[in-house]
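Below are the chains, spelled out letter by letter.
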Amino acid sequence: MTLHSSRRSPTDTAVDTLLIPVFTTDAADLSQLAGFPRPAEERLRAVVGSAEMGGKVGQLLTLHLPGGGDVSRLLLVGLGEADQLTPQTIREGVAAAMRSVGSQAGQRVGIMLRSGSLAPAVFAQAAVLGAHLALFTVDSYRTEDVSPIQVEAFYVLTSDEDPRLDEAIQRGTILGQAVNFARFLVNEPSNRLTPTMLAHHAQEMANDVGLQSDILNEDKMRDLGMEALLAVARGSTEEPRLITLRYTPPDGAAGGETIALIGKGITFDTGGISLKPAENMEKMKYDMAGGAAVLGAMQAIAQLKPRVNVLGIVPSCENMPSGKAARPGDVVRTMLGKTVEIINTDAEGRLLLCDAMAYARRLGATCMVDVATLTGAIAVALGLRYAGLFSHHPVMVEALQAAARAADERVWPLPLDMEYREQIKSDIADIKNVGGKYAGSITAAWFLREFAGDVPWAHLDIANVAWNPENKPHLPKGPTGFGVATLVEFVLARAQG
Ligand code: BES
Ligand code: ZN
Ligand code: MN
């Protein structure tokens, strides 16, 4: 569903639901809430500052207004202290509010712009993003008891006519749609999202937003020498795909840099011959979340038009056991020429990504960021809050930390000292694909680092943050779209030099 978002005058309150941000300080100064139509203002004065709506973060209160007026429902959203407002509070508050009214919201929703200590444009972008994120539903295959949210328009109500507000609303829309595109892909079950289907969706999106696309099949990959990628793909009857999307800035790139965004696209990970236990295996449909993040980011980048070349590369296949599957102990020759001993067929992500990285370099990448649900160990190291960030390049570490901060996503750097490299030495080949019991996320990153060469590279392990394990007011159990916003911010910042 597409949601139209725009700025409107605050007197133009012909909406079904009006969101009103409430700060904890409002109770002491109710004049802040003046200027509403009489019945609304009276109800606001009565309730703001009460236990029901003290303005605390997380508080929501619906007030129905007498019929006949413009607005049928006020939805008060607590946003905490005005001078401590953050984009995250706004985004999550708006998303939670929209989700709480659900299909009752009506077709038109408005929000009063109240940006506290933040710039109005920051408020507008976060609110519009939150509104978009709220509309994503995870139960798209339910045929009974469905009541989809049907909001068609979301207005930011303000008398401020600064054009930066319109830009911010536009950016919130573009980002929200991109994150939801990634979430859609991640949520699709593996029988519906095969590598072939993933490539179709990528191509369709590319056509919509004006990106070049190039989809390689198995024969092309064999010609390129991608034995590692094909070792993973061969166990499945589903054909592998290597998706490449290319963004070229309209007026030429300054400096000639080409950023490659590379995402793991395992549409289902059984573990292969090193089979995973049955419990929770159904979750392994989200093993393409890195690829989805790259595709979402490319969708946004095509619309935001930064002055830098960007490649989006998603190697995609299934990891299945079969009579044709790769075995533990097999040795393959990667596209770069390095040989790999496959100790555990469940460590398949790195086998896919190493050939995709070689391919990115072949296409002229001068900088690479890969995003992957690479290791369960990242949850042991960082829990479920921060994604792991790895790089051999201090500038890249800082750039990705800054991008994540701007994107309101959390990443934390982990070390890549030479000592860890010892763990992936092989008796028979250049390296092996697992590094033993300790520091599993670091040895996985070290494997990838082997293929970066001198090209500035960073790796985000998102296995712990790509799937939200329980319902929250602002976010349903399911795909988060993690990484889209960070990749976009990284590219935007890099384009500015
Ligand atoms: N896709 C998994 C990692 C994963 C685990 C993602 C849990 C999301 C949730 C990856 O391919 C994998 O199986 N990694 C192994 C590596 C091991 C064999 C060295 C793991 O984490 O157990
Ligand atoms: Zn995997
Ligand atoms: Mn695996």
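Definitions and cut-offs
Residues numbered from 1 in each chain as written. Chains lettered and ligands numbered in written order. Predicted model: local features only at pLDDT ≥ 70, side-chain atom pairs only at ≥ 80, totals over all residues. Heavy atoms only, no water. Buried < 20%, exposed > 50% of the residue type's maximum accessible area, 1.4 Å probe, protein only. Helix = DSSP H or I, 4+ residues; strand = E, 2+ residues; numbered from the N terminus. Pairing = 2+ DSSP bridges. Domains from an automatic or database assignment. Contact = heavy atoms within 4.5 Å. Buried area = accessible area lost by both parts, 1.4 Å probe. Salt bridge = Lys/Arg side-chain N within 4 Å of Asp/Glu carboxyl O. Polar contact = N/O pair within 3.5 Å; in protein donor to acceptor, adjacent residues only side chain to side chain. Nonpolar A, V, L, I, M, F, W, Y, C, P; charged D, E, K, R; others polar. Donors = N, O, S within 2.8 Å, 3.2 Å for Na, K, Ca; no water. Near = heavy atom within 4 Å.

## Some points on the pairing of strand 9 (residues 258-263)
Then, in step 1: With respect to burial, strand 9 is a largely interior element, 6 of its 6 residues being buried.
Then, in step 2: Of the two faces of strand 9, the one lined by Thr258, Ala260 and Ile262 and the one lined by Ile259, Leu261 and Gly263 are each fully buried.
Then, in step 3: With 5 bridges connecting them, strand 9 and strand 11 (residues 309-319) associate as parallel partners. Residue pairing across strands places Ala260 opposite Leu311, the latter belonging to strand 11.
Then, in step 4: Taken together, the 5 bridges between strand 9 and strand 14 (residues 367-372) define a ladder with parallel strand orientation. Residue pairing across strands places Gly263 opposite Val371, the latter belonging to strand 14.

## Thoughts on the domain arrangement of the chain
Then, in step 1: Domain annotation for the chain reports domain 1 (4-161) and domain 2 (188-495).
Then, in step 2: Each of domain 1 and domain 2 has a C-alpha centre, and these two points are 37 Å apart.
Then, in step 3: The partner domain 2 presents 15 residues to the 10 residues of domain 1 that form the contact.
Then, in step 4: At the boundary of domain 1 with domain 2, total buried surface from both sides reaches about 980 Å², with 48% on carbon and sulfur atoms.
Then, in step 5: Run the count over domain 1 and domain 2 and you get 1 salt bridge.
Then, in step 6: If you look at where domain 1 meets domain 2, you find 6 residue pairs in polar contact (both at pLDDT 80 or more).
Then, in step 7: Looking at the side of domain 1 that touches domain 2 residue by residue, the classes come out as 6 nonpolar, 1 polar and 3 charged.

## Quick word on the coordination of the zinc ion (ligand 2)
Note on metal sites: the ideal angle is 109.5 degrees for four tetrahedral donors, and 90 or 180 degrees for six octahedral donors.
Then, in step 1: Coordination of the zinc ion (ligand 2) by the protein is provided by Lys264 (NZ), Asp269 (OD), Asp287 (OD) and Glu348 (OE), with metal-donor distances spanning 2.0 to 2.4 Å.
Then, in step 2: In terms of primary sequence, the donors binding the zinc ion (ligand 2) are separated according to K-x4-D-x17-D-x60-E.
Then, in step 3: Distance-wise, the manganese ion (ligand 3) is placed 3.1 Å from the zinc ion (ligand 2), both being coordinated by Asp269.
Then, in step 4: The exposure class assigned to Lys264 is buried, which follows from its relative accessible area of 2%.

## Focus: the site of ligand 1
Then, in step 1: Residues in contact with ligand 1 amount to 16 residues; listed here are only the nearest, Lys276, Asp287, Asp346, Glu348 and Gly376.
Then, in step 2: Taking Lys264, its side chain carries an N or O atom lying 3.2 Å from an oxygen atom of ligand 1.
Then, in step 3: Between ligand 1 and the protein, one listed contact pairs an oxygen atom with a side-chain N or O atom of Asp269 at 2.9 Å.
Then, in step 4: Partitioning the shell around ligand 1 into residue classes produces 5 nonpolar, 4 polar and 7 charged.

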